[in-house]
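Fold and geometry: a report
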Amino acid sequence: MTEPVITRLPKSLVELKFVVTPEEAQPYLEQAAQELQNAKPIAGFRPGKAPYDEVKKIFTEMRIWETALERIVRARYVHTILEQAIESIGSPAISVEQLVPGQDIKFTVTAPVMPNVVSLIAYDQPLVTKKKKTVGESEVDAAIEDLRKMRRQEVAVDRAATKDDMLLLDLEIKKGNVPLEGGASQNYRVYLNEPHYIPGFTEQVVGLKKGDTKTFELTFPKDHYQKHLAGATVQFSVVIHDTFELALPPLDEEFAKGLGLESVAKLRELLSENLSKEAQQKIDEAAEIELLEKLVDGSKFSEVPELLVNEEVRRMFNELEHAAEEQGMNMADYLSQLKKSADEIKMDMVPQAIRRVQTAVLVKEVAKKESVEVADEEVNAEIDRILEGVQDKESRERVSSTDYRDYVAAQMKNRRTLQLLKEKAIKEE
């Protein structure tokens, strides 16, 4: 078999030039001849049983060679990338320089390849110092206050509202005396000690009581996500139905028992423990991010192919879109608030997308260098654990598939590699 000429190109591309002799092509030509006569049987012969020369007469030799070309290209390309351990990605570009019956077939395949680590920073020494966090009494006090607010009672009172009350009201919003779409609300609950989405609203209704009405104007912030309202002066009309005092339960043994604990002291102890764990988790996450940043900054990489950058940008944009939806906004309104188009946002994401790809490449390189492996038994156990929480047939089949198994194995390997890096390169304060 004639060996291809392999050339590494800029922008993480590889070029493979192939020459296939007629003798090497013959098995593929015979397969192509059979394929043609199976699709259109030749009179006097059973499908697929006509001699090669007879097929050539009916379909022409050039048609046979053209039909065989795809198989030849695929077979030689796949054989080469596996033999040479070339990590190609995406669909390759194929250029045929010569396809003449009886002569050598010449074609070139150009494919993007995974970037690689050109030089890896030493990670067998501390690169990050993880700070300790002590949870103080004030933080425990704040957590207890939050718990009391969660169990507060709303008691109707016949008095003017203060900034610590809740008002139940009807609300109508107009712009230029024209009601806004979606601007009317009945029995709207306004907690006056929480920030309102229009600055100044709370101040306008403090002091009102049951049965009061009021009309007033407020100006929307200039950076409001609804472009047609940004910077606009809008009329608000309210009708107060009730004023509610937010009564917090006393901090006593009954309160603690209501939360399943025997005393306030035990409650404080549990909150301190939970807050410490939460704080430590945040510190660990921050240290991991800092470590990965230093590893990427201190290492050198080959160029990241455009294909991978585009894929990562698309993934990041989808994440942003999901985050906007969780905040109750559609993407169009969110982009309007940012005063940027989708294409501008995607362009802004390119540097971070490149770093994400480089991070993945670096972790893979460390796993290879350290011979990090995940045993089949470990993957099986993880798949079984996931299946325990899956009920419907379609999801169970997906989780049990080979592709999903490979995904789980890769994730486990990445986590193990990250843990190794943290043990080597992060030190305690």
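Residues numbered from 1 in each chain as written. Predicted model: local features only at pLDDT ≥ 70, side-chain atom pairs only at ≥ 80, totals over all residues. Heavy atoms only, no water.

**What to know about the sheet that holds strand β3 (residues 93-98)**
Judged by pairing direction, the sheet is antiparallel, and its 4 strands sit side by side in the order β1-β2-β4-β3 without closing on themselves. Strands with a single pairing partner mark the edges of an open sheet, and in this sheet they are β1 (5-9) and β3. Averaged over all adjacent pairs, the angle separating strand axes in this sheet is 15 degrees, with direction ignored. When β1 meets strand β2 (residues 13-20), the two strands line up antiparallel, connected through 5 bridges. Residue pairing in the sheet places Thr7 in a bridge with Glu15 of β2. (Pairing = 2+ DSSP bridges. Helix = DSSP H or I, 4+ residues; strand = E, 2+ residues; numbered from the N terminus. Axes fitted to C-alpha atoms, helices over the stretch in contact; angles between N-to-C directions.)

**What about the nonpolar core?**
Leu291, Leu295, Met331 and Met349 are the most contacted members of the largest nonpolar core, which totals 38 residues. Those elements that place two or more of their residues in this core are α7 (264-298), α8 (306-326), α9 (331-338), α10 (342-369) and α13 (402-425). Looking at this core, the element that brings in the most residues is α10, giving 9 residues. What Leu295 contacts, discounting residues up to four positions off in sequence, is Ile121, Tyr123, Leu127, Leu362 and Leu421. In terms of nonpolar packing, the next biggest core, distinct from the first, is built from 28 residues, Val14, Ala32, Val55 and Ile86 among them. (Core = buried A, V, L, I, M, F, W, Y, C linked by side-chain atoms within 4.5 Å. Buried < 20%, exposed > 50% of the residue type's maximum accessible area, 1.4 Å probe, protein only. Contact = heavy atoms within 4.5 Å.)

**Considering the side chain of Thr359**
Of note, Thr359 is situated in helix α10. Once residues lying within four places of it in the same chain are set aside, the contact partners of Thr359 are Leu292 and Val296.

**Examining the pattern of salt bridges**
Going through the model one piece at a time under the given rule, you end up with 30 salt bridges. A salt bridge links Arg71 to Glu35; its shortest N-O distance comes to 2.8 Å. Of the two residues, Arg71 is situated in helix α3 (residues 61-83) and Glu35 in helix α1 (residues 22-39); the sequence distance between them amounts to 36 residues. Here the salt bridges share partners, and the residues they tie into one network are Glu312, Arg315, Glu319 and Arg356. (Salt bridge = Lys/Arg side-chain N within 4 Å of Asp/Glu carboxyl O.)

**Concerning α1**
Between its first and last C-alpha, α1 extends 24 Å over 18 residues, near the 26 Å set by a 1.5 Å rise per residue. Along α1, the helix axis deviates most sharply at Tyr28, where the bend reaches about 30 degrees. Contacts from the buried residues of α1 go to β2, α2 (52-59), α3 and β4 (105-112). (Expected span 1.5 Å × (residues − 1). Bend = angle between axes of the 7 residues up to and from the residue.)

**Things to note about the side chain of Arg76**
By the secondary structure assignment, Arg76 is in helix α3. Setting aside residues up to four positions removed in sequence, Arg76 forms contacts with Met1, Thr2, Pro4, Phe18, Val19, Val20, Glu24 and Phe107.

**Concerning the packing of aromatic side chains**
According to the stated counting rule, one finds 5 aromatic pairs in the structure shown. Seen in terms of ring centroids, Phe201 and Phe236 are 5.8 Å apart; in terms of plane orientation they differ by 65 degrees. Their pairing is edge-to-face. Pair noted here: Phe201 is in helix α5 (residues 201-205) and Phe236 is in strand β11 (residues 233-247), with a separation of 35 residues, a long-range link. For Phe201, a relative accessible area of 0% corresponds to the buried category. Overall, the relative accessible area of 1% leaves Phe236 in the buried class. A network of ring pairs unites the aromatic residues Phe201, Phe216 and Phe236 as a single cluster. Positioned above the aromatic ring of Phe317, the side-chain terminus of Lys346 is 4.9 Å from the ring centre. (Phe/Tyr/Trp six-rings, centres within 6.5 Å; stacked < 30°, edge-to-face > 60°. Lys NZ or Arg CZ within 6 Å of the ring centre and 35° of its normal.)

**Description of the environment of His322**
Mapped onto the fold, His322 is located in helix α8. For His322, a relative accessible area of 46% translates into the label partly exposed. Separated by 10 residues in sequence, His322 and Ala332 place their C-alpha atoms 12 Å apart.

**Here we look at the confidence of the model for the protein**
Counting all residues, the mean pLDDT for the protein is 91, and 100% of those residues have values of 70 or more. The least confident element of the protein is α9, whose mean pLDDT is 82; the most confident is strand β12 (residues 300-301), at 96. (pLDDT = per-residue confidence, 0-100.)

**What about the packing of α10 against α13?**
At a closest axis distance of 9 Å, the pairing of α10 and α13 adopts a crossing angle of 80 degrees. Comparing the axis directions of α10 and α13 gives the class roughly perpendicular. Contact residues: α10 offers Val363, Val366 and Ala367, while α13 offers Lys413, Asn414, Thr417, Leu418, Leu420 and Leu421. In terms of residue class, the contact of α10 with α13 is built from 6 nonpolar, 2 polar and 1 charged. (Parallel < 35°, antiparallel > 145°, perpendicular 65-115°, else oblique. Nonpolar A, V, L, I, M, F, W, Y, C, P; charged D, E, K, R; others polar.)

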